[in-house]
Amino acid sequence: MPTPDTFWSYFGATLTYLAVLAVPGGLVGRAAGLRGWALAGLAPLLSYTVTGLAGPWLALAGVSYNPLTVAAVTLVLAGIGFGLRKLGQARGWIKPGADEPPTKWHPRAHYAVAACVALAVGISILVVLSARGGTTAVFQRWDTVFHANGIRYIAETGDGSLTGMGTINWYPDGSFYPNAYHLVGSLVYSISGTTIPVTLNAITMPVAGIFALSMVALIRQLGGRAVFAGCTALVAAAATTGAYESVSSGLLPFALGIVLTPLAVVALARFLARPGLDTGYVLALTAVGLLAAHSSALFGALLFAFPLVVQRWYRALRHKPLDGVPEGRGGWRVIGGDVVKMVPVMAGSALLAAPHILGALKFTSGSYPYYAWGSDLPVLKSLGLLVTFRQVLSAPQVWLTVLLVIGALSLFRLGRMRWVGLSAIGFSALFVLVASFGAEPWVISLSRPWWNDRYRLMALAAIPLCLLAGHGMAELQRWFAKWASGRSWVKSRPALPARLGLATAVFVVAASAVLTKGFYTESNAHAVSFLYYNGPEGEVTPPVSADELAAMNELTKMNIGPDEKVLNERFDGTAWLYAITGIHPVAGHYDPGVPPPDAKYLALHFRDYDTDPEVRAAVKRLNIKHVLIGSTPIKIGEPPAPGLRDLDGLDFLRKDFSNAGASIYTLTR
């Protein structure tokens, strides 16, 4: 079933997604006192917080999840934030401006940085649009079918629980999964009226732009230069390992968590500068939003932000000035005060995220198998991949490496952001451990939140490395400006010195664009194209083929009831049946881990329908009347399940449809 693949379908869905990102989180953030870049940066994360809380809590209350109930939850959370802020103001607990960035930007600087963020969003959209394959733009990687089915399930049923969408594959009880990504996706799907593949594409297209916005909000909150912020936004849009590599592997919620991670520092810095009910509320919502986006995102954010706390405490012990601390307060008192003030924030976060925490604890103690990747790359190769910002691509991003080296060598110029160096060292070390010693039991345990996966750890390491590369790019601008300011032809023209900053910034950005061939747009598009081909373009046949989509479309004409399931092969493209058509398959995910007993038995023995009463009983329990068989496996070389091979000619089946890559059978008795 060819999906709408036109400019206007993608344009409408993308605008809807941007609105869903901006409105709920923007209302909550503004009510809680956020302004400027902090509001712009945190709004997308707070929107995921709103939906991530709305889904599970509405399900517990027996209320349907839909745009109207999400709007109600938005108003409730915004009302709480507004009330807490007003209470703090009434009691005199809020010192105006204490949580604002320590340095001011000229209005022109704000516009220039905004232009860089807009360019980063445009680059991100161009990368994904350029990467699309075939005529259907259906994602082809492993977990994407689970995300696609989950989005449609929530939109059609209104069940926003943390286990409901898993029932498409793990019936009848489902399986735990943090579902903020899918809850937002269901709103985009419902409001825009597009198909699931178009919805997934729309959510994916601006991912690196969100990363750029998060980086800018972080730098602005900590008092960094505008040039640093703008340069880092462009680096974030150019680095393959930042957002694109996770997307290319089909790790869609994980990629979301990565691009939102820098915002944890924004919320934490505001709270440390001015501890209060409103800043604590924003920090708690930030933590919950990261947890709801992806379980590992909160772990990663804690590790990323901890060096900031270490730097703060080190300065406190050395009696250096600190944000939010009266002059003369002892270092240990500062440390103790920070810890004590965090306790109610942590308690509030835990209360709000209780369904997520309890679900995660139950899941980790369950029967779902955990398989370590066991990567064993040479250490030097791991380091080489790290500093050249690539794993799935063969060509290194050399110019980003140059900027990274410059940024690392000029780390002392970062001032209050020197802690980024510690984050870079820590995450880089963790990546090398997993990439080179991934089979060691203690490394497996240490990296379990990231499934012992070097690709995930590379994305995490890319956050501080992109900051350092952006700093390196900004330092180039500083050097050029300093050099130009000493030229006689500049000194002789009074108007020129005031314009040197902008002129040299434009020069550095333009030179970077030329040297990187458009901020590596083409190479990043090649990386993202793996999402549509399940491997290098032209070398692997997409598991969800046009023939299988045509067969799915044919099934929609057969009056299949809502309580029926269509028997299908787990490892071919028919696992997308529900996402494409709304018809329930027996196998709704490629994942073979802990399948429903009936699904497992039928995959092994369905051919014995005439002679095996247990097969007939399973068919009856699942209300199966049709069989859909595809031809292109997600796992290269994987043969069909024994029970679903060579079905032609069996006397209990009638072939009703067939093309080169798919067949539909109807049970005759």
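In this text, all values refer to a predicted model and were calculated from it rather than measured experimentally. (Residues numbered from 1 in each chain as written. Predicted model: local features only at pLDDT ≥ 70, side-chain atom pairs only at ≥ 80, totals over all residues. Heavy atoms only, no water.)

## Topic: the environment of Gly185
Part 1 of the reasoning: Within the fold, Gly185 resides in helix α6 (residues 180-192).
Part 2 of the reasoning: By relative accessible area, Gly185 is classed as buried at 0%.
Part 3 of the reasoning: Sequence separation between Gly185 and Ala148 is 37 residues, and the spatial gap between their C-alpha atoms is 8.9 Å.
Part 4 of the reasoning: Leave out the neighbours within four places in its chain, and Gly185 touches Ile151, Thr199 and Ile203. (Helix = DSSP H or I, 4+ residues; strand = E, 2+ residues; numbered from the N terminus. Buried < 20%, exposed > 50% of the residue type's maximum accessible area, 1.4 Å probe, protein only. Contact = heavy atoms within 4.5 Å.)

## Some words on the sheet that holds strand β5 (residues 663-667)
Part 1 of the reasoning: Pairing in this open sheet of five strands is mixed, and the strands run β2-β1-β3-β5-β4 from one edge to the other. Looking at the sheet topology across the chains shown, the edges are occupied by β2 (584-585) and β4 (653-658).
Part 2 of the reasoning: Relative to strand β3 (residues 624-629), strand β1 (residues 565-568) runs parallel, the two sharing four bridges. Pairing of Lys565 across the sheet is with Ile624, part of β3. (Pairing = 2+ DSSP bridges.)

## Here we look at empty space enclosed by the protein
Space left empty within the atom packing is revealed by a probe, the size of a water molecule, rolled over the atoms.
Part 1 of the reasoning: According to the stated counting rule, one finds three cavities of 30 Å³ or more in the structure shown.
Part 2 of the reasoning: Quantified by volume, the largest cavity comes out at close to 90 Å³.
Part 3 of the reasoning: Taken together, Tyr17, Tyr48, Tyr181, Ile203, Thr204, Val207, Ile210, Val247, Leu252, Ala255 and Leu256 form the lining of the largest cavity.
Part 4 of the reasoning: Of all elements in the fold, only α7 (196-204), α8 (207-221) and α11 (252-260) reach the threshold of two or more residues within the lining of the largest cavity.
Part 5 of the reasoning: Here the second largest cavity is characterised by a volume of approximately 50 Å³.
Part 6 of the reasoning: Taken together, Phe254, Gly257, Ile258, Thr261, His294, Ser296, Ala297, Trp450 and Leu460 form the lining of the second largest cavity. (1 Å grid on protein atoms, 1.4 Å probe; cavity = no way out; pocket = protein on both sides within 12 Å on 5 of 7 lines; lining within 4 Å. Points joined across faces, edges and corners; volume = space filled by probe spheres on them.)

## A few points about the pattern of salt bridges
Part 1 of the reasoning: For the coordinates displayed, the defined rule picks out 16 salt bridges.
Part 2 of the reasoning: Across the pair Asp323 and Arg416 runs a salt bridge, and its minimum N-O distance is 2.6 Å. With Asp323 in the loop between α14 (295-317) and α15 (331-352) and Arg416 in the loop between α18 (398-409) and α19 (419-437), the pair connects residues that are 93 residues apart, well separated along the chain.
Part 3 of the reasoning: Relative accessible area serves as the criterion here: at 35%, Asp323 is assigned to the partly exposed category.
Part 4 of the reasoning: Here Asp453 ties to Arg456 by a salt bridge, and the two come within 3.2 Å at their closest N and O atoms. (Salt bridge = Lys/Arg side-chain N within 4 Å of Asp/Glu carboxyl O.)

## With respect to helix α3 (residues 67-90)
Note on helix geometry: an α-helix contains 3.6 residues per turn, so any two residues three or four positions apart are oriented the same way.
Part 1 of the reasoning: Helix length check: α3, at 24 residues, gives a terminal C-alpha distance of 34 Å against a target of 34 Å (1.5 Å per residue), a fit within 8%.
Part 2 of the reasoning: Regarding α3, its N-cap is Asn66, as a side-chain oxygen of that residue lies 3.0 Å from the backbone nitrogen of Leu68 further along.
Part 3 of the reasoning: At the exit of α3 stands Gly92, carrying a positive phi of roughly 75 degrees. (Expected span 1.5 Å × (residues − 1). Polar contact = N/O pair within 3.5 Å; in protein donor to acceptor, adjacent residues only side chain to side chain.)

## Some remarks on the packing of α14 against α19
Part 1 of the reasoning: Interaxial distance between α14 and α19 falls to 8 Å at its minimum, and their mutual angle equals 140 degrees. Taken together, the axis directions place α14 and α19 in an arrangement best described as oblique. Seen from above, α14 lies across α19 with right-handed handedness. Along the contact surface, α14 presents Gly300, Leu303, Phe304, Pro307, Leu308 and Gln311, while α19 presents Trp419, Leu422, Ser423 and Phe427.
Part 2 of the reasoning: Grouping the amino acids of the contact of α14 with α19 by side-chain chemistry returns seven nonpolar, three polar and no charged. (Axes fitted to C-alpha atoms, helices over the stretch in contact; angles between N-to-C directions. Parallel < 35°, antiparallel > 145°, perpendicular 65-115°, else oblique. Left-handed = near helix turned anticlockwise from the far one by under 90°. Nonpolar A, V, L, I, M, F, W, Y, C, P; charged D, E, K, R; others polar.)

## Things to note about the side chain of Ser447
Part 1 of the reasoning: One can find Ser447 in the loop between α20 (441-446) and α21 (454-485).
Part 2 of the reasoning: Owing to a relative accessible area of 0%, Ser447 belongs among the buried residues under this scheme.
Part 3 of the reasoning: In contact with Ser447, not counting residues within four places along its chain, are Tyr370, Val434 and Asn452.

## A closer look at helix α16 (residues 354-364)
Part 1 of the reasoning: For α16, the complete set of buried residues consists of Pro355, His356 and Gly359. Taken around the axis of α16, the buried residues stretch over an arc of 95 degrees, which confines them to a single face. Opposite its buried face, α16 presents the exposed residues Leu358, Leu361 and Thr364, each directed more than 90 degrees away.
Part 2 of the reasoning: On the buried face of α16, the contacting elements are α2 (36-61), α13 (277-293) and α15. (Arc of directions from axis to C-beta.)

## Side note on a nonpolar patch on the surface
Part 1 of the reasoning: Taken together, the side chains of Phe7, Trp8, Phe11, Leu15 and Leu18 make up a nonpolar region of the molecular surface, amounting to roughly 560 Å² of accessible area.
Part 2 of the reasoning: Residue position: Trp8 is located in helix α1 (residues 7-31). (Patch = residues over 30% accessible without salt bridge, like charges linked within 9 Å, V, L, I, M, F, W, Y side chains within 5 Å. Areas by Shrake-Rupley, 256 points an atom, 1.4 Å probe, with all protein chains shown as cover.)

## A closer look at the packing of aromatic side chains
Part 1 of the reasoning: For the structure on display, the rule yields 11 aromatic pairs.
Part 2 of the reasoning: Centre to centre, the rings of Trp142 and Tyr590 are 6.0 Å apart; their planes meet at 50 degrees, and the pair counts as tilted. Here the residue Trp142 occupies a position in the loop between α4 (107-131) and α5 (144-157), and Tyr590 occupies one in the loop between β2 and α27 (597-605), the gap between them amounting to 448 residues.
Part 3 of the reasoning: Where Tyr609 meets Phe652, the ring centres are 4.8 Å apart and the plane angle is 25 degrees; that geometry is what we call stacked. In this pair, Tyr609 is assigned in the loop between α27 and α28 (613-622) and Phe652 in the loop between β3 and β4, connecting sequence segments 43 residues apart.
Part 4 of the reasoning: Judged by relative accessible area, Tyr609 falls into the buried class, the value being 8%.
Part 5 of the reasoning: Its relative accessible area of 1% is what places Phe652 among the buried residues.
Part 6 of the reasoning: Grouping aromatic residues by their ring pairs yields a cluster made of Trp142, Phe571 and Tyr590.
Part 7 of the reasoning: Looking at Arg220, its charged tip hangs above the ring of Trp105, at a distance of 4.7 Å from the centre.
Part 8 of the reasoning: Here the guanidinium or amino end of Arg456 rests over the ring plane of Phe254, the centre of that ring lying 5.5 Å away. (Phe/Tyr/Trp six-rings, centres within 6.5 Å; stacked < 30°, edge-to-face > 60°. Lys NZ or Arg CZ within 6 Å of the ring centre and 35° of its normal.)

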